[in-house]
Amino acid sequence: MLKKNLEKQKFNKILRLIRKDAQKGLECFYEEYGRMIYLTAKNTGCSDEKANVVVNTVLIKIWRKAKELSEISNPKAWICTVTKNCARDELSEVWQLELKEEICATDDDFHKVIDKNGFEYLISPLKEIERELFILKFMGGYTFQDIANSFGKPLPTITTIYYRALEKIKNFLQNE
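Residues numbered from 1 in each chain as written. Predicted model: local features only at pLDDT ≥ 70, side-chain atom pairs only at ≥ 80, totals over all residues. Heavy atoms only, no water.

1. Observations concerning the packing of aromatic side chains
Tallied over the full model, the rule gives ten aromatic pairs. Taken together, a centroid distance of 6.2 Å and an interplanar angle of 70 degrees make the contact between Phe11 and Tyr33 edge-to-face. In this pair, Phe11 is assigned in helix H1 (residues 2-20) and Tyr33 in helix H2 (residues 22-44), connecting sequence segments 22 residues apart. Side by side, Phe11 and Tyr33 carry an identical accessibility label, which is buried. Pairing Phe29 with Tyr33 gives two aromatic rings, centres 4.9 Å apart and planes at 50 degrees, and the pair type is tilted. Taken as a pair, Phe29 and Tyr33 lie in helix H2 at a separation of four residues, close to a single helical turn. Each member of the pair Phe29 and Tyr33 is classed as buried. Here the aromatic residues Phe134, Phe138, Phe144, Tyr162 and Tyr163 are joined through ring pairs into a cluster of three or more. (Phe/Tyr/Trp six-rings, centres within 6.5 Å; stacked < 30°, edge-to-face > 60°. Helix = DSSP H or I, 4+ residues; strand = E, 2+ residues; numbered from the N terminus. Buried < 20%, exposed > 50% of the residue type's maximum accessible area, 1.4 Å probe, protein only.)

2. Side note on a positive patch on the surface
A cluster of basic residues, Lys13, Arg16, Arg19 and Lys67, forms a positive patch on the protein surface. Locating Arg19 in the fold gives a position in helix H1. (Patch = residues over 30% accessible without salt bridge, like charges linked within 9 Å, V, L, I, M, F, W, Y side chains within 5 Å. Areas by Shrake-Rupley, 256 points an atom, 1.4 Å probe, with all protein chains shown as cover. Salt bridge = Lys/Arg side-chain N within 4 Å of Asp/Glu carboxyl O. Lys, Arg positive; Asp, Glu negative; His and termini not counted. Charge placed at Lys NZ, Arg CZ, Asp CG, Glu CD.)

3. Points about the confidence of the model for the protein
Looking at the protein, the pLDDT average stands at 81 and 84% of residues meet or exceed 70. Confidence, read as mean pLDDT per element, is least for helix H5 (residues 110-117) in the protein (51) and greatest for helix H9 (residues 155-174) (89). (pLDDT = per-residue confidence, 0-100.)

4. Points about H2
Here H2 spans only 28 Å end to end across 23 residues, well under the 33 Å set by a 1.5 Å rise per residue. Its axis deflected by about 60 degrees at Tyr33, H2 carries its strongest bend there. In the stretch just after H2, Gly45 is the one whose phi turns positive, near 120 degrees. (Expected span 1.5 Å × (residues − 1). Bend = angle between axes of the 7 residues up to and from the residue.)

5. Some remarks on the environment of Thr83
Looking at the secondary structure, you find Thr83 in helix H4 (residues 75-92). Leaving out residues up to four positions away in the same chain, Thr83 has contacts with Ile37, Thr40, Ala41, Val54 and Val58. Looking at Thr83, its side chain comes within polar contact range of the main-chain oxygen of Ile79, at 2.7 Å. (Contact = heavy atoms within 4.5 Å. Polar contact = N/O pair within 3.5 Å; in protein donor to acceptor, adjacent residues only side chain to side chain.)

6. Regarding the packing of H2 against H4
The contact between H2 and H4 brings their axes to 9 Å, and the two run at 50 degrees. Between H2 and H4, the angle falls in the class oblique. Crossing of H2 against H4: the hand is right-handed. Listed contacts from H4 to Phe29, Tyr33, Met36, Ile37, Thr40, Ala41 and Thr44 of H2 are Lys76, Ile79, Cys80, Thr83, Lys84, Ala87, Arg88 and Leu91. (Axes fitted to C-alpha atoms, helices over the stretch in contact; angles between N-to-C directions. Parallel < 35°, antiparallel > 145°, perpendicular 65-115°, else oblique. Left-handed = near helix turned anticlockwise from the far one by under 90°.)

7. A short note on the side chain of Thr40
One can find Thr40 in helix H2. Overall, Thr40 belongs to the buried group, its relative accessible area being 3%. Excluding residues within four positions of it along the chain, Thr40 makes contact with Cys80, Thr83, Lys84 and Ile135.

In structure tokens form, the structure reads like this:
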């Protein structure tokens, strides 16, 4: 509970900074939550490029609503929800693109090497709730009790999901 209150205070402090000086406040917000937003967008199914667009969209939404966002009780869970909604919007957007020879796919495996070593690669075989749990646990620094409270599930259920997901990751890596 103490960690949740500290997180809420930090979030509100950043919002006050955004209201006072938007550029410094948004830079601070990005430093604090940018990686979590990016990983949540990737978890929702966005490519690297679209995940970066989602990060920008979330920052714009925070900037526009900074005056109204003072009563958020669980900031990280709220940011995850906003990010998922923005990511789903980005994924459902229909792009009108003229097909030209210059935009044909090339065999560039560089991104695969980066993804393979990344956190999102490790959690890729997991179900959505398991990926969310890992993001909150490792990127957000939440305890199992905090995660159980935000999911509205009992603590033993969350720990069971966590350890079963660890087994899935272990099996996934052994089969690679």
